[in-house]
Amino acid sequence: MTDPSARLIDGKAFAASLRQSIATEVGRLKDRLGTVPGLAVLMVGDDPASDVYVRNKARQTAECGMKSVERRFAASLTETDLLEEIARLNDDPTIHGILVQLPLPAHINADRVIAAIRPDKDVDGFHPVNAGLLATGGKGLVPCTPLGCLLLLRDVLGDMTGLQAVVVGRSNIVGKPMAQLLLQESCTVTVAHSRTRDLPAICRQADILVAAVGRPAMIRGDWIKPGATVIDVGINRIAAEGGKTRLTGDVAFDEAARVAGAITPVPGGVGPMTIACLLRNTLTAFARINNQD
Ligand code: NDP
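Quick notes on the rules
Residue positions within a chain follow its written sequence, with the count starting from 1. Under the rules for a predicted model, residues below a pLDDT of 70 receive no local features and side-chain atom pairs below 80 are neither given nor counted, while totals for whole chains, interfaces and linings still include all residues. Only hydrogens and water are set aside; all other atoms, that is, all heavy atoms of the structure, feed into the side-chain values. Note that the domain bounds were set by an automatic or database domain assignment. UniProt positions are given in the numbering used here, feature names are shortened, and annotations may be inferred rather than shown by experiment. Pairs of N or O atoms are called polar contacts if they sit within 3.5 Å, as long as, within protein, a hydrogen donor faces a hydrogen acceptor (for residues adjacent in sequence, only side-chain-to-side-chain pairs). Helical segments are the DSSP runs of H or I of at least four residues, strand segments are the runs of E of at least two, and each set is numbered from the N terminus. Only protein chains enter the accessibility calculation, which uses a 1.4 Å probe; a residue whose area is less than 20% of its type maximum is buried, one above 50% is exposed, and one in between is partly exposed. Here, two residues are considered to be in contact whenever any of their heavy atoms come within 4.5 Å of each other. Cysteine sulfurs are considered disulfide-paired once they come within 2.5 Å of each other. A single heavy atom is enough: if one lies within 4 Å of a molecule or strand, its residue is considered near that molecule or strand. Surface accessibility in these figures is a Shrake-Rupley result with a 1.4 Å probe; residues are shielded only by whichever protein chains are displayed. Lys, Arg, Asp and Glu make up the charged group, whereas Ala, Val, Leu, Ile, Met, Phe, Trp, Tyr, Cys and Pro make up the nonpolar group; the residues left over, Gly among them, are polar. Whenever a carboxyl oxygen of Asp or Glu lies within 4 Å of a side-chain nitrogen of Lys or Arg, that contact is scored as a salt bridge. In short, DSSP must find at least two bridges between two strands for them to pair. Axis definition: a line fitted to C-alpha atoms, limited for helices to the stretch in contact. Angles are taken between N-to-C directions and run from 0 to 180 degrees. Angle categories: roughly parallel below 35 degrees, roughly antiparallel above 145, roughly perpendicular from 65 to 115, and oblique for all the rest.

**Student:** I keep staring at the domain arrangement of the protein and nothing clicks. Help me out?
**Tutor:** Often, the extent of an interface is quoted as the loss of accessible area upon association of its parts. Partitioning the protein into domains gives domain 1 (34–119) and domain 2 (143–271). Each of domain 1 and domain 2 was reduced to a C-alpha centroid, and the two centroids are 29 Å apart.

Written as structure tokens, this is what we have:
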């Protein structure tokens, strides 16, 4: 294998420094106001992947000096009971961010649950009010993963005005908000999906290529424009040697790294940015609720 020519975008290090600056700001708020931001994470059922995410979120929240509340419920919890819990947290002045870990059990309507969260405490940025504010250039809360991608892109590229950006994937949690953020940066944005014709040709036009698909190594080296910045959001668990498994992205990394100008690895790229941006959103929510912003 030839050495990759692309600059490696170190999301792990960027996220660590972001968490550090958030912790410093939380310390300042505590000194000035005698209070800290509070984040409540709600989990229903015992999905093992969700369990790991929820524990990591709670740990990193506490490490930043924020108040962390974890509420875990049996999979049999009714939607009414979950909505009541959200109503309580909406009214709790010590809580500034509310996150409901997805997926929820099939008998609970996730859209209704998300819509019940106060938009200014919706630190996942999934509430329709926040999606609308993002689309109209208003001041809402932005979904954490695309926000993390944006911070990495700004760090690598600075001004993105006029660049061609291609986002592969159109989900409400990654693809669509990512496209909106890139549009706000004055990129020319194309959103591709499973019905897109000649995806390789579309990708080859991209100065910025964001892959958020969920298909291991789907984007090949010869789909990348030389010098492009590649952000790989995909997290796919695949079989590895010795009966083990490992994580891989949506981009064929070794191939792409020979062509791209800069690229995020998986793991260690976008992944660590998501929780760091959740903490950033909690700080933002706190500032707005307390009129500090
Ligand atoms: P979804 O399954 O909701 O969306 C996937 C998107 O990819 C859809 O828009 C789909 O198109 C599109 N797609 C599927 N197959 C193809 C194809 N062959 N060609 C082009 N487009 C295709 O996934 P998410 O957006 O939730 O997540 C995407 C990936 O990002 C996953 O691997 C997920 O694990 C990862 N992820 C990582 C996070 C992180 O913290 N790093 C956070 C969130 C997600 P269509 O709409 O037409 O079906």
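**Student:** What should I look at first to understand the UniProt feature "binding site: NADP(+)" (unreviewed entry) in the protein in this one?
**Tutor:** Per the UniProt record, the feature "binding site: NADP(+)" (unreviewed entry) sits at Gly169, Arg170, Ser171 and Ile235. A distance of 3.1 Å separates the side chain of Ser171 from the backbone nitrogen of Val174, its partner in a polar contact. Take Ile235: it is sitting in the loop between strand 8 (229–232) and strand 9 (236–239). Classification of Ile235 by relative accessible area gives partly exposed; the value is 48%. Look past the residues within four positions of Ile235 in its chain and what remains in contact with it is Tyr53, Leu247 and Thr248.

**Student:** Looking at this structure, I do not really get the side chain of Thr145. What am I missing?
**Tutor:** Locating Thr145 in the fold gives a position in helix 6 (residues 144–157). In this structure Thr145 touches Val174, Val233, Val270 and Thr274, once residues within four positions along its chain are discounted.

**Student:** Explanation requested: the state of the cysteines in the structure shown.
**Tutor:** Think of a disulfide as a covalent bridge from one cysteine sulfur atom to another cysteine sulfur atom. Per the stated rule, a full pass over the model turns up 0 disulfides. Cys187 carries a free sulfur, and the closest cysteine sulfur to it, the one in Cys149, is 13 Å from it. Take Cys187: its relative accessible area is 6%, and that puts it in the buried class. In this structure Cys203 is a free cysteine whose sulfur lies 15 Å from that of Cys149, the closest cysteine sulfur available.

**Student:** Just checking my understanding: could you explain the site of the ligand for this structure?
**Tutor:** Taken together, 22 residues lie around the ligand, and Arg170, Ser171, Ser194, Ile235 and Thr274 are the ones closest in. At a separation of 2.6 Å, an oxygen atom of the ligand approaches a polar side-chain atom of Ser171. In the model, an oxygen atom of the ligand is placed 2.7 Å from a nitrogen or oxygen of the Thr274 side chain. With the chains in place, 69% of the 930 Å² that the ligand exposes on its own is no longer accessible. In the shell around the ligand, the residues fall into 10 nonpolar, 10 polar and 2 charged.

**Student:** Just to check I follow, could you spell out the pattern of salt bridges for this structure?
**Tutor:** It is possible for side chains bearing opposite charge to pair when their charged atoms get close. If you walk through the whole model with that rule in mind, you get 13 salt bridges. Its salt-bridge partner being Arg72, residue Asp51 comes within 2.7 Å of it at the nearest N-O pair. Of this pair, Asp51 sits in helix 2 (residues 48–63) while Arg72 sits in strand 3 (residues 67–73), and the two are 21 residues apart along the sequence. Residue classification places Arg72 among the partly exposed residues on the basis of a relative accessible area of 39%. Two residues, Asp120 and Arg118, come together in a salt bridge whose shortest N-O distance is 2.8 Å. By relative accessible area, which is 30% here, Arg118 ends up partly exposed. One salt-bridge network, held together by shared partners, links Asp51, Arg55, Glu70 and Arg72.

**Student:** Mind showing me how you'd approach the sheet that holds strand 2 (residues 38–44) here?
**Tutor:** Think of a sheet as strands paired side by side through backbone hydrogen bonds, with each pair either parallel or antiparallel. Across the sheet, 3 strands lie side by side as 3-2-4; this open sheet has parallel pairing. Only two strands of the sheet have a single neighbouring strand rather than two, namely strand 3 and strand 4 (97–100). Pairwise comparison of adjacent strand axes, ignoring direction, gives a mean angle of 15° for this sheet. Looking at chain direction, strand 2 and strand 3 are connected through 7 bridges and run parallel. Among the inter-strand pairings, Met43 is bridged to a residue of strand 3, identified as Arg72.

**Student:** I keep staring at the packing of helix 1 (residues 11–33) against helix 6 and nothing clicks. Help me out?
**Tutor:** Relative orientation and spacing of two packed helices are given, respectively, by the angle between their axes and the distance between those axes. Their axes nearest at 11 Å, the elements helix 1 and helix 6 cross at an angle of 105°. As judged from the angle between their axes, helix 1 and helix 6 are roughly perpendicular. Contacts between helix 1 and helix 6 involve Gly11, Phe14 and Leu18 from the former and Leu151, Leu152 and Asp155 from the latter. For the contact of helix 1 with helix 6, a count of residues per class yields 4 nonpolar, 1 polar and 1 charged.

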